Amino acid sequence: MSTPSKTNADFWFDPACPFAWITSRWILEVEQVRDIEVTWQIMSLAYLNQDKDIPDTYREFLKTAWQPVRVLMAAEQKYGKEVLLPLYTAMGTRIHIEKQDKDRAMIVASLEEAGLDVALADAMDDSSYDEAIAESHQRGMDQVGNEVGTPTIAFEGRAFFGPVISKKPVGEDAGRMWDAFVTLSKYEHFYELKRSRTEDLDFS
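Reference entry: report on the structure contained in this document. The shown structure was predicted, so the numbers you read here are calculated from the model rather than taken from an experiment.

Definitions and limits used
Here the residue numbers are simple positions, counted from 1 along each chain's written sequence. Whole-chain, interface and lining totals are the exception, using all residues; otherwise, since this is a predicted model, local features are given only for residues with pLDDT of at least 70 and side-chain atom pairs are given and counted only at 80 or more. Where side-chain values are given, they derive from all heavy atoms of the structure, hydrogens and water being excluded. In this text, helices come from DSSP runs of H or I with a minimum length of four residues, and strands from runs of E with a minimum of two, each type numbered from the N-terminal end. Take the number of residues in a helix, subtract one, and multiply by 1.5 Å to get its expected span. Think of it in three bands: with a 1.4 Å probe and only protein chains considered, a residue is buried below 20% of the maximum accessible area for its type, exposed above 50%, and partly exposed in between. In this analysis, two residues are considered to be in contact whenever any of their non-hydrogen atoms come within 4.5 Å of each other. Pairing between strands is defined by DSSP: at least two bridges between them are needed. The convention used is that axes are lines fitted to C-alpha atoms, helices contributing only their stretch in contact, and that angles between N-to-C directions extend from 0 to 180 degrees. When the strands point away from the viewer, a crossover counts as right-handed if the route from the first strand across the helix to the second turns clockwise. We call two N or O atoms a polar contact when they sit within 3.5 Å, provided that within protein one can donate a hydrogen and the other can accept it, with sequence-adjacent residues counted only if both atoms are side-chain atoms. As used here, the arc belongs to the directions running from the helix axis to the C-beta atoms. Salt bridge, as used here, is a side-chain nitrogen of Lys or Arg placed within 4 Å of a carboxyl oxygen of Asp or Glu.

### Observations concerning helix α1 (residues 18-33)
- When the terminal C-alpha atoms of α1 are compared, their 24 Å separation across 16 residues agrees well with the 22 Å that a helix rising 1.5 Å per residue should span.
- Among all positions of α1, only A20, W21, I22, T23, S24, R25, W26, I27, L28 and V30 are buried.
- Close packing links the buried residues of α1 with β1 (7-13), β2 (36-42), α5 (84-97), β3 (152-155) and α8 (171-185).

Below you can see the structure in the form of structure tokens.
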């Protein structure tokens, strides 16, 4: 009897996105109960929305969105993709749980926690990383379309925006949601399943 092969999934994230943060914590739970392995990929809400007509409040939010992704890209280029998850976790905890500003102090503390060179914080104001960020971003968006965003998950030749959840499931509940996600994705004509969100995001 053959053993099913491990599923390799690519997860595109922007550390500023609260929805991507909760979904990322879910897929880490999935890794514990299903035979999948996640490769983390950078995308950018600032790049995605730079030419779009968006509300002023959201444009203000995006003013500090370039800086963390530039540092993530600098870290990836220096150390490899394996450092993206620990650095994302360090940043995301500060941004979403501790409600810290996306400033240099947050970035330096995140680099220190991830055991990376704190000099990489200089990348936050270095637009030379933006081309590589755009290329990484487009590798995800080319599979799902530019009208969506983060999180985007690709696996076994399929890719979707989402799932968008307000609280992560844990343990076998996380695994069952992954199973349902996989089942829906196998139908080539499936595109969207959505309802209005009626509760606040729960980062616990």
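### Remarks on the side chain of H137
- When you line up the elements, H137 lands in helix α7 (residues 130-144).
- Not counting chain neighbours up to four residues away, the residues in contact with H137 comprise W12, I42, M43, S44, Y47 and L48.

### Examining the sheet that holds β1
- Strand order across the open sheet formed by four strands is β2-β1-β3-β4, with mixed pairing between neighbours. Strands at the two margins of the open sheet, each flanked by one partner only, are β2 and β4 (158-161). When strand polarity is set aside, the average angle formed by the axes of neighbouring strands in this sheet is 20°.
- The sheet contact formed by β1 and β2 spans seven bridges and is parallel. By the bridge assignment, F11 is partnered in β2 with W40.
- Packing of α8 onto the sheet brings it into contact with β1, β2, β3 and β4, and relative to β3 it is tilted by some 70°.

### Considering the pairing of β2
- Burial within β2 is extensive, with five of its seven residues counted as buried.
- For the crossover from β1 across α1 to β2, the handedness is right-handed.

### Thoughts on the pairing of β1
- Judged by how many residues are buried, β1 sits mostly within the fold: five of seven residues are covered.
- Sheet topology note: the β1/β3 ladder contains four bridges and is antiparallel. Residue pairing for β3: W12 is matched across the bridge by T152.

### Notes on the environment of D202
- When you line up the elements, D202 lands in the segment after α8.
- Each C-alpha atom, one on D202 and one on A74, is 30 Å from the other, the two residues being 128 residues apart in sequence.
- Leaving out residues up to four positions away in the same chain, D202 has contacts with I22, S166 and K167.
- Engagement of the side chain of D202 in a polar contact is seen with the side chain of S204, the distance being 2.6 Å.

### With respect to the environment of A90
- Structurally, the position occupied by A90 is in helix α5.
- A90 sits 34 residues away from M124 along the chain, and the two C-alpha atoms are 16 Å apart.
- Ignoring any residue separated from it by four or fewer positions in sequence, one finds A90 in contact with S110 and E113.

### A few points about α8
- For α8, built from 15 residues, the straight-helix expectation of 21 Å at 1.5 Å per residue is met to within 8% by its first-to-last C-alpha distance of 22 Å.
- Along α8, the residues that are buried comprise A174, G175, W178, F181, V182 and S185. Each buried residue of α8 lies within a common arc of 120° when the element is viewed along its axis, so the set occupies one face.
- Among the structural elements, β1, α1, β2, β3 and β4 are those in contact with the buried residues of α8.

### What about the pattern of salt bridges?
- Per the stated rule, a full pass over the model turns up 13 salt bridges.
- The shortest N-O distance in the salt bridge between K63 and E60 comes to 3.0 Å.
- On the accessibility criterion, E60 (48% relative accessible area) is partly exposed.
- Note that E156 is salt-bridged to R158, the shortest N-O span being 3.0 Å.
- Residue E156 is classed as partly exposed on the basis of its relative accessible area, which comes to 47%.
- Salt bridges here are not isolated pairs; linked through shared partners, they connect R34, E172 and D179.

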